[in-house]
Every structure is written in C-alpha cells, then in structure tokens.
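In case you want the letters, here they are:
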There are 2 protein chains.
Amino acid sequence: MQSFELLSQKFALHFDKRHFPASPASLYDPNEYFLKLGGKRIRPVLCLMGNELFGEISGDAWHVGTAIELFHNFTLIHDDIMDKAPLRRGMETVHSRYGQNTAILAGDVMLVKAYEELNKIDVQYLQSILSLFNRTATEVCEGQQMDMDFETMDSVGMDAYIKMIELKTSVALAASLQTGAILGGAGERNQHLLYDFGRKLGIAFQVQDDYLDAFGDPGKFGKQVGGDILSNKKTFLLLHALEKANPAQLKELRNQLAGNAADKVEKVLSIYRDCKADQWAVTLQNKYLDEALIHLEDIAVLTKRKQPLTDLAHYLIKREF
Amino acid sequence: MQSFELLSQKFALHFDKRHFPASPASLYDPNEYFLKLGGKRIRPVLCLMGNELFGEISGDAWHVGTAIELFHNFTLIHDDIMDKAPLRRGMETVHSRYGQNTAILAGDVMLVKAYEELNKIDVQYLQSILSLFNRTATEVCEGQQMDMDFETMDSVGMDAYIKMIELKTSVALAASLQTGAILGGAGERNQHLLYDFGRKLGIAFQVQDDYLDAFGDPGKFGKQVGGDILSNKKTFLLLHALEKANPAQLKELRNQLAGNAADKVEKVLSIYRDCKADQWAVTLQNKYLDEALIHLEDIAVLTKRKQPLTDLAHYLIKREF
C-alpha cells in the first residue's frame, strides 16, 4: 500500500515525458508547454489508489491514469479560454500565450490523445472503462456549462450550485477512483462505494478551493487570490453570504458586486468574515469529508488497505495550495 | 448493393433524432440546432458503403457512421469559431447564435458523444476502430492547425497545401471507408486500398470545394460564394494563380489581397480566369479522381460490388453544392 505522496512522485515521473509528436509544432508545443506547468495530478493518482485498494497496481491503471490527466488538462485549456484567465499555476495560459484558436485545437487534440491512451488497456476492460470515462466527460462539460449559466443569473440556489460542483469537479475524482477499482476487479458494490467516496470528497475539495481563492496564502495558492471575487464568480462563500447577510451587509455586498472598486476584494472578504462564511465553509467541508469517509469504511476490503485514501482525504481538505 | 443516394436517405432517417438529453438546454439545444442544419452526411455513408463492399451492412456500421458524423459536426462547430464564420449551410453558426464559450463546449461534448457511439459496437472490433478513429481525429486537428498557420504565411507551396488538405479533409473520408471495411471483415490489403481510394477522392473533393467557393452557383452552394477570396484564404486556385500569374497579374493580385475593395471578389475571379486557374482545377480534380479509381479497381472483390463507389466518386466531383 503506497501513500498518495509516493504514488504522486511515481506518477509525476511516469507522466514527465513528451506526449505529442514534434510536428506541427504550432499545435503540439502549446500542449507540451501546458503539461510541463505541472499540477497536483490528483486524478491519475486516485486511479492508481483505487486500483491498489483491490490488489497490485496494474499496467492498465497507468494508462488510464495518463488518459485521465490528459483529459483534465484538456478541460483546463478550454476552461481558461472561457474564463478569459491570463494565468494558470502562475504561468501564462495556452490562449494567452499562443492565441485562442490554437488553444481550442490544442485542447481538442489533447482529448483525442486521452482516448488513444485508453485504447492501450486490456480489451476485457475497454468497454466498461470507456463507458465510465464518456459519461464522466459529458458530465464535466455539463457542469462547466452550468457554471457559465450561473454567471449571468441573479441568484443561484445552494442545491443548484452543489449539483454544478458535482458535475464539474466531483464526478471526475469519483470516476478516477472507480476506473482503478474496475481494473482491480472490484465488484459493483465496492465500485459504487468508492465512487461515492470520491464524489463527496470532491465537493469538500471544491469548498476548499473556493475558500483558498478568498482566504488562501498568495505565495502558496498559485492563482490570483480574490480572482473569484473580482469576476463576481458564484462560490460557496458568495452564495452563503447572499443568504445570510443582514440588510446592511447585503446592500454593501450588492454594491461591491455591481462595481469594480480598487478595494473590492478587501471589502467583500470583510463581509464574508462578518457573515462567518469562512467558518461555515470549514464546517461544510468537514460534513462532506465525514460522509465521504463513511462510504470508504463500507467498502469490503481490509481497513489497512484504505489507510492511504483516508490520509489523502484529510490531506486534500487541509491543503493550502 | 445500394447507391449513395439510397444509403444517404436511409442514414438521414437514422440520424434524424434527438442525440442529446434535454438538460442542460443551454448546452444541448445548440448541438441539436446544429445537427438539424443537415449536411451531406457523406462520411457516415462512406462507412456504410465501405461495409457493404464486403458483405451485408452490419448494425455496427450504423453506430460507427453515427460516431463519424458526430465527430464531423464537432469539427465544424469549432472550425466555425476559428474561422469567425457567421453562416453554415445558410444558417447561423453555433458561436454566432449561442456565443463562443457555449460553442467550444458544445463541440467538446459532441466529440465525447461520438466516442459514446463507438463504444456500442461489438468489442472484437473496438480496438481497431478506436485506433483508426483516434489517428484520424488527430490528423484532422493537425490539418486545421496547418490551415490556420498558412493564413499568416506569405507563401505556401502546393505540396504543403496538399498535405494540409489530406490531413484536414481526405483522411476523414478515407478512414470512414476503412471503418466500414474493418467491420466487414476485409483483409489489410483491401482496407488500405479502400483508404487510399478515399484519400485521393478527398483531395479531388477539396479541389471542387475551393472551385465552388469561387465559381459556384450562390443558390446551390449554401455558403457565401467568394468567402475564401474575401478572407484571403489559401486555396488551390489562389496558390495556382500566385504561381502562374504574369508580373502584371501578380501585382494586381497582391494589391487585391492587401485590401478589401468592394469589387475584390470580382477582380480576383477575373485574375483566376486569366491564369486559367479554373480550367487547371478541373484537370487536377480529374487526375486525383483517376488515381482514386485505380485504387478502387485493385480491391479484391467483384467489380459489380464497387459500382456504387465508382458512381459516388463521379458524383462528388460533379456536385454544385
């Protein structure tokens, strides 16, 4: 049984190679540039961990992990265009550096490359892995569309927001774990419990992401702190504040959202604190973390095999980056 | 043995249904809108014809045909964004009607849907079909990138242009035929001959496309005639004219390319005619058509089975739409 950190290092080594041909360089250099920016590689490691939960890690889990990471990078390249994001991990995004058209195409070919990687696995697993991968990819697109739709909506309910987060973020974490379980020969019940562990953990993870965007340490976070506030992005914190603010706070919050004052981030953070949105977010994270851990406990394998996943769940919720 | 027209009608009926769920409508309505615009559905019918060349059409060929058509529509949605095209088949493009971000995402989810459709086939063919599909999809992206690169290049050689056309257009036609052959149990030699037939036919097809954009009948063509000229697009005609023009014609052509005069289309067409680019294009089409037909002849099946493909090849080169 290997820890998340160890498998992360192993996966980073495995993934740190050229993935695309040299030519046409105008298409593939952007892809290589983006993959070199790194990242936490959480999803592929979840696939490896889901696989090791049921036995030794198989060669196929490395292929599927690679496919999952390529898929994730495809979504990031396209999301950055849609969000008009200049930076990712402190570096220029693909569309900023190479232009929008190339970024669209670089994303497209990255997605195809993910399917190429999937096609390397033992054919006995191919249909079930593809089926889960396709369903998840579709849901991720649906989640991104909902996220964009929310931008122009005056009010968004917490339930709708959580549904969006599940689609955009959670299902990819959940499916990564489940692909590992499928390749490990797990039964359906265990597969679904592991999926649900990942789904709940994903929501907790996003609460943390929203929290860090507002209250994170700029030196550790990588992205622009306060970016969500500047772009009026609906987040757990904003939705909670809009629900809980008193009339004076609500008026000030609406004023800030309507404008782009120089001290907008500072002012909105102050309202978040006054509404105790920061404390609430920590409580919410823990609720989802606890629910996730119950699903993990229910999986019918020896408890000691689950330790790395238990550790990871706690680690993801405490991260500062 | 069924004709292209008959299989076209059958495929149109088969494909004329809702492909996506109702919700989120903001994502899937654009996809349904775009698929309803129709199109020639050439590629899926090539899959059916490639399949029937070797036996009765199988259920799997309908799935693969559907996947190929969904893939083609994905490329069109994204290409229209990159080309800033307002119209497609006389109707608004997805990005014009629904915005660019949704168009990016609608294309993405259309591509995933294509893979969902592929995953419905008999598992014995899945790896080889996926392998060909992935390679072809990659090449189509490479071709589109080359096409964009050419836009900002001062001069493009005819060989490089033909390479781009092969990647962007031909390989998809060739691969459509080959998927049908794979599902029909054809041997490798027959598969590759059929692929090469499609590849050559695809180049002839693109020569015709470039020709129609310049000299087509606006009532039949669907797109804006002269669009390539207005956008200074490198085409077979422009590259030929740049090669063959005398100094006076070349000066006038360069002048027209540098500006956007009201009579730009008319003036450039006149130079094309003076350089006999129109006649040359017809000769070039016929050269590729002849080469395509030689590959078809070499395929080891009864000649009468090839008749629908022979007819189709002639039909595609004579089309006015």
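Values in this document were obtained by computation on a predicted structure and should not be read as measured data.

So, the environment of Phe11(B)
Residue and element names in this part refer to chain B. By the element assignment, phenylalanine 11 lies in helix H1 (residues 4–15). For the pair phenylalanine 11 and histidine 95, spaced 84 residues apart in sequence, the C-alpha separation works out to 27 Å. Contacts of phenylalanine 11, omitting those with residues within four sequence positions, involve Arg41, Pro44, Val45, Leu48, Trp62, Gly65, Thr66 and Glu69.

A closer look at helix H14 (residues 264–274) of chain A
Residues and elements named next belong to chain A. The complete set of buried residues in H14 reads Lys264, Val268, Leu269, Ile271 and Tyr272. For H14, the angular spread of buried residues about the axis comes to 160°, placing them on one side. The inward-facing, buried residues of H14 abut helix H9 (188–215), helix H11 (227–230), helix H12 (236–244), helix H13 (247–258) and helix H15 (277–298). Phi turns positive, to about 60°, at lysine 276, one or two residues after H14.

As for the nonpolar core
Where a protein is soluble and globular, its nonpolar side chains tend to be buried together. Counting 227 residues, the largest nonpolar core has Leu194(A), Phe197(A), Tyr272(A), Leu194(B), Phe197(B) and Tyr272(B) as its most contacted members. Discounting chain neighbours no more than four positions away, the residues touching Tyr272(A) are Phe215(A), Ile229(A), Thr235(A), Leu237(A), Leu238(A), Ala241(A), Ala277(A) and Asp278(A).

Thoughts on the pattern of salt bridges
Per the stated rule, a full pass over the model turns up 28 salt bridges over all chains. Here Glu69(B) and Arg41(B) are joined by a salt bridge, their closest N and O atoms 2.8 Å apart. Here Arg41(B) lies in the loop between helix H2 (25–36) and helix H3 (42–52) and Glu69(B) lies in helix H4 (residues 59–82), a separation of 28 residues in the sequence. With its nearest N and O atoms 2.9 Å apart, the salt bridge here joins Lys233(B) to Asp147(B). You can see Lys233(B) sitting in the loop between helix H11 (227–230) and helix H12 (236–244) and its partner Asp147(B) sitting in helix H7 (residues 123–151), a full 86 residues away along the chain. For Lys233(B), a relative accessible area of 26% translates into the label partly exposed. Overall, the relative accessible area of 6% leaves Asp147(B) in the buried class. Linked through salt bridges whose partners overlap, the residues forming this network are Asp147(A), Lys168(A) and Lys233(A).

Here we look at the packing of H12(A) against H13(A)
A pair of packed helices is captured by two measures, namely the crossing angle of their axes and the spacing between those axes. Residue and element names in this part refer to chain A. In contact at an axis separation of 9 Å, H12 and H13 are set at 140° when each is read in the N-to-C sense. With respect to H13, the element H12 is oriented oblique. Like other packed secondary-structure pairs, H12 and H13 cross with a definite hand, here left-handed. For the pair H12 and H13, the contacting residues are Leu238, Ala241 and Leu242 in the first and Leu250, Leu253, Arg254 and Leu257 in the second.

Quick look at helix H13 (residues 247–258) of chain B
Residue and element names in this part refer to chain B. The end-to-end C-alpha separation of H13 is 16 Å, in line with the 16 Å expected for twelve residues at 1.5 Å each. Where H13 is concerned, the buried positions are Gln249, Leu253, Gln256 and Leu257. Projected down its long axis, H13 carries its buried residues within an arc of 100°, all on one side. Turned more than 90 degrees away from the buried face of H13 sit Pro247, Ala248, Lys251 and Ala258, all of them exposed. Structurally, H13 contributes buried residues whose contacts are with H12 and helix H14 (264–274). Of the residues flanking the start of H13, the one acting as N-cap is asparagine 246, its side-chain oxygen 3.1 Å from the backbone nitrogen of alanine 248.

Observations regarding the interface of chain B and chain A
The interface is formed by 36 residues belonging to chain B together with 36 residues belonging to chain A. Taken together, the two surfaces of chain B and chain A that pack against each other cover about 3,400 Å², and 63% of this comes from carbon and sulfur. Put simply, chain B and chain A have zero salt bridges between them. The tally of links between chain B and chain A comes to 15 residue pairs in polar contact (both at pLDDT 80 or more). At the level of elements, H2, H4, helix H6 (100–118) and H7 of chain B are the ones that each hand at least two residues to the side of chain B that touches chain A. Here the residues of the side of chain B that touches chain A sort into 19 nonpolar, 13 polar and four charged.

Examining the relation of the copies chain B and chain A
Of the transformation placing chain B onto chain A, the axial shift is 0.0 Å and the rotation is 180°, giving an RMSD of 0.0 Å. Interpreted geometrically, this transformation is the action of a two-fold axis. Comparing contact sets, 100% of the residues at the interface of chain B also lie at the interface in chain A, consistent with an isologous, same-surface contact.

Let's talk about the packing of H6(B) against H7(B)
Residue and element names in this part refer to chain B. The geometry of H6 relative to H7 is characterised by a closest axis approach of 11 Å and an angle of 155° between their N-to-C directions. One finds that H6 runs roughly antiparallel with respect to H7. As H6 runs across H7, the sense of the crossing is right-handed. Facing Ala114, Tyr115 and Leu118 of H6, the residues of H7 in contact are Leu126, Ile129, Leu130, Phe133 and Asn134.

Some details on unusual backbone geometry
Between Ser23(A) and the following residue, Pro24(A), the backbone shows a cis peptide bond with an omega angle of 0°. One can find Pro24(A) in the loop between helix H1 (4–15) and helix H2 (25–36). At Arg41(B), a residue that is not glycine, the phi angle is positive and equals roughly 50°. When its relative accessible area of 10% is taken as the criterion, Arg41(B) is described as buried.

A closer look at the environment of Ile81(A)
The residue Ile81(A) is located in helix H4 (residues 59–82) in this model. Residue class for Ile81(A) comes out buried when judged on its relative accessible area of 4%. Taking the C-alpha atoms as reference points, Ile81(A) and Ala103(A), 22 residues apart in sequence, are found 7.6 Å from one another. Excluding its chain neighbours within four sequence positions, the residues that come into contact with Ile81(A) are His95(A), Gln100(A), Ala103(A), Ile104(A), Gln100(B) and Ile104(B).

Calculation rules
- Residues numbered from 1 in each chain as written.
- Chains lettered and ligands numbered in written order.
- Predicted model: local features only at pLDDT ≥ 70, side-chain atom pairs only at ≥ 80, totals over all residues.
- Heavy atoms only, no water.
- Helix = DSSP H or I, 4+ residues; strand = E, 2+ residues; numbered from the N terminus.
- Contact = heavy atoms within 4.5 Å.
- Buried < 20%, exposed > 50% of the residue type's maximum accessible area, 1.4 Å probe, protein only.
- Arc of directions from axis to C-beta.
- Core = buried A, V, L, I, M, F, W, Y, C linked by side-chain atoms within 4.5 Å.
- Salt bridge = Lys/Arg side-chain N within 4 Å of Asp/Glu carboxyl O.
- Axes fitted to C-alpha atoms, helices over the stretch in contact; angles between N-to-C directions.
- Parallel < 35°, antiparallel > 145°, perpendicular 65-115°, else oblique.
- Left-handed = near helix turned anticlockwise from the far one by under 90°.
- Expected span 1.5 Å × (residues − 1).
- Polar contact = N/O pair within 3.5 Å; in protein donor to acceptor, adjacent residues only side chain to side chain.
- Buried area = accessible area lost by both parts, 1.4 Å probe.
- Nonpolar A, V, L, I, M, F, W, Y, C, P; charged D, E, K, R; others polar.
- Least-squares fit on C-alpha atoms with pLDDT ≥ 70 in both.

Nothing here speaks to function; it is all geometry.
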